[in-house]
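The residues making up each chain are set out below.
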Amino acid sequence: MFPLEGITVVALEQAIAAPFASRQLADLGARVIKVERPEVGDFARNYDTTVNGMSSHFVWTNRSKESIELDLKSEYGKEVLDRLLDKADVLIQNLAPGALERMGFVPEVLVKKHAKLIVCSISGYGKGGTYEQKKAYDLLVQCEAGLVSITGSEDNPSKAGISIADIAAGMYAYTGILTALLNREKTGEGAVIDVSMLEALGEWMGYPAYYAAYGGEEPKRSGASHATIYPYGPFVCGDGKTVFIGLQNEREWKHFCDLVVKDPTLNKDSRFSTNSDRSANREELKEIIERAFDALGSSEVIDRLEKAKVANARLNTMKDFFEHPQLKARDRWEQVETPNGTIDALKPPAVIAGMEAVMKPIPALGEHTEKILEEIGIKQEELHK
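For clarity, every value in this text was computed on a predicted model and none was experimentally measured.

Helix and strand counts for the protein stand at 17 helices and eleven strands. Here the C-alpha coordinates of the protein stretch approximately 85 × 45 × 40 Å along the principal axes. Burial analysis of the protein (385 residues in total) assigns 45% to the buried set. Pairs at least 24 apart in sequence give 66% of the contacts found in the protein among residues at least 6 apart. Here the protein displays about 20400 Å² of accessible surface, and carbon together with sulfur accounts for 53% of that area.

Written as structure tokens, this is what we have:
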């Protein structure tokens, strides 16, 4: 039996944050009923066509779900939703601010009507305040949370390469729902959960926020390097490939000089005696390191770093990651069915001994409409009256 088997989730969701949260609930065995707009569906279905004609965003966040097409602006659509909530344990939604309430589904009222229901709402900035109705796309929340100000090079601020604000909000929605389910076992009561993208990403900004608020200075953008530790970051090798180094202490620095660069005198150079010295003179040290690496291929550099017990990584492309030997060795890929054939999907990262994750198909738009309507005693033709 899966941990969330018997739990039903109704998801009024789109894009990334809520679908990512509900997919993780589905991974644990919850039944997720995804409510989609007729003919159009979740707009993330059409972001791109790279995965056998389907959207890469959509296939990532929507496996193991059932799709029902429902016009929530119609009275019939609202009636169907109301009946679904009669049988649901969780309602998760990330519609536009106030949209759920305008349809007549106020979270606090829903929890009174359905005593054990957990209602989780995800928004850009949360209820109240002047930002409540402000449009909140991932890039914009990255800006508002200060992430862009500390990411990138000294001259060019940059966003993260993935939808990190959406993902953060989805993670806190997921854990918030799990917490509410656990609490319901103790109290028998449902809950109203409010997750904002700004606050979710803000939680991840703790270190730079404290650094700036109490240190009186904004953290400096340092690209792929570390602002205060050196050598730490990318170094180009003779084959043109880049190796990343994470050197942490003086013992590692000595091993690095002796076994990697193979220049013991470097450890005695006053310019590089301490981490502070190395950081202050990083341009000179970088030139020395890359001159040594210029005669070596990246694999040989990695071998030397491993022997010296200095942390390192290859600069992998996404294709390299998809073919990563460690993921293959640990059997971390599983095939998932889609409307357009089978694809590989990465298993959930929390490995629970003795339990396999649920990896069911990605649904076609409205694939389960008739089946779900029959369950709640409504004929599909009634929806089009």
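Another point: the pairing of strand 10 (residues 333-338). As defined by bridge partners, strand 10 adjoins strand 11 (residues 341-346) across six bridges and the pair is classed as antiparallel. Paired with T338 across the bridge in strand 11 is G341. The hairpin formed by strand 10 and strand 11 contains two residues between the paired strands.

Another aspect to go through is the sheet that holds strand 2 (residues 31-36). Read across the open sheet, the six strands follow the order 3-2-1-4-5-6; overall the sheet is parallel. The strands lining the two open edges of the sheet, one partner per strand, are strand 3 (65-69) and strand 6 (191-196). On average, each strand axis in the sheet is inclined to that of its neighbour by 20 degrees, with strand direction left out of account. Inspection of the sheet shows strand 1 (residues 8-12) paired to strand 2 by four bridges, in the parallel sense. The partner of A11 across the bridge, within strand 2, is K34.

Inspection of the secondary structure puts Q142 in helix 6 (residues 138-144). Assessed through its relative accessible area of 0%, Q142 is described here as buried.

This brings us to the layout of surface pockets. Of the voids in this model, the largest pocket is the one considered here, and its volume is about 1400 Å³. Residue lining of the largest pocket: 37 residues in total, with R23, W60, R63, F321 and L346 positioned closest to the centre. At the level of secondary structure, the elements contributing two or more residues to the lining of the largest pocket comprise helix 1 (17-27), helix 2 (56-61), helix 8 (164-187), helix 15 (318-322) and strand 11. In this structure, the second largest pocket encloses a volume near 620 Å³. Around the second largest pocket, the lining is made up of 24 residues, and of these Q14, F43, N94, A136 and Y137 lie nearest the centre. Taken together, the residues that form the lining of the second largest pocket break down as twelve nonpolar, seven polar and five charged.

So, on to the packing of aromatic side chains. Per the stated rule, a full pass over the model turns up nine aromatic pairs. Both rings, one in Y210 and one in Y214, keep their centres 6.1 Å apart while their planes meet at 35 degrees; by these two values the pair is tilted. In this pair, Y210 and Y214 are both assigned in helix 10 (residues 206-215), four residues apart and thus about one turn of the helix distant. Taken together through their ring pairs, the aromatic side chains of Y230, F235 and F293 make up a single cluster. One residue, K134, lies across the ring of Y131, its end atom 5.5 Å from the ring centre. Against the face of F235 rests K286, its NZ or CZ located 5.2 Å from the ring centre.

The strand order across the open sheet built from three strands is 7-8-9, with neighbouring strands paired in antiparallel fashion. Each edge of the open sheet carries a strand with a single partner, namely strand 7 (232-236) and strand 9 (311-314). Strand-to-strand twist of the sheet, defined as the mean angle between neighbouring strand axes without regard to direction, takes the value 25 degrees. Alignment of strand 8 (residues 242-246) against strand 9, held across four bridges, turns out to be antiparallel. The partner of I245 across the bridge, within strand 9, is N312. Relative to strand 7, helix 13 (residues 282-293) is tilted by about 45 degrees, and along the sheet it contacts strand 7 and strand 8.

Moving on, we come to unusual backbone geometry. Following Y230, the chain continues to P231 via a peptide bond in cis, the omega torsion being 0 degrees. As for its placement among the helices and strands, P231 is situated in the loop between helix 10 and strand 7. With phi around 50 degrees, N52 is a residue other than glycine that occupies positive phi space. With respect to the helices, strands and loops of the structure, N52 is situated in the loop between strand 2 and helix 2. N52 gets classed as partly exposed once you look at its relative accessible area, which sits at 42%. For K262, which is not glycine, the phi dihedral falls at a positive 60 degrees.

The rules we used
- Residues numbered from 1 in each chain as written.
- Predicted model: local features only at pLDDT ≥ 70, side-chain atom pairs only at ≥ 80, totals over all residues.
- Heavy atoms only, no water.
- Helix = DSSP H or I, 4+ residues; strand = E, 2+ residues; numbered from the N terminus.
- Buried < 20%, exposed > 50% of the residue type's maximum accessible area, 1.4 Å probe, protein only.
- Contact = heavy atoms within 4.5 Å.
- Areas by Shrake-Rupley, 256 points an atom, 1.4 Å probe, with all protein chains shown as cover.
- Pairing = 2+ DSSP bridges.
- Axes fitted to C-alpha atoms, helices over the stretch in contact; angles between N-to-C directions.
- 1 Å grid on protein atoms, 1.4 Å probe; cavity = no way out; pocket = protein on both sides within 12 Å on 5 of 7 lines; lining within 4 Å.
- Points joined across faces, edges and corners; volume = space filled by probe spheres on them.
- Nonpolar A, V, L, I, M, F, W, Y, C, P; charged D, E, K, R; others polar.
- Phe/Tyr/Trp six-rings, centres within 6.5 Å; stacked < 30°, edge-to-face > 60°.
- Lys NZ or Arg CZ within 6 Å of the ring centre and 35° of its normal.

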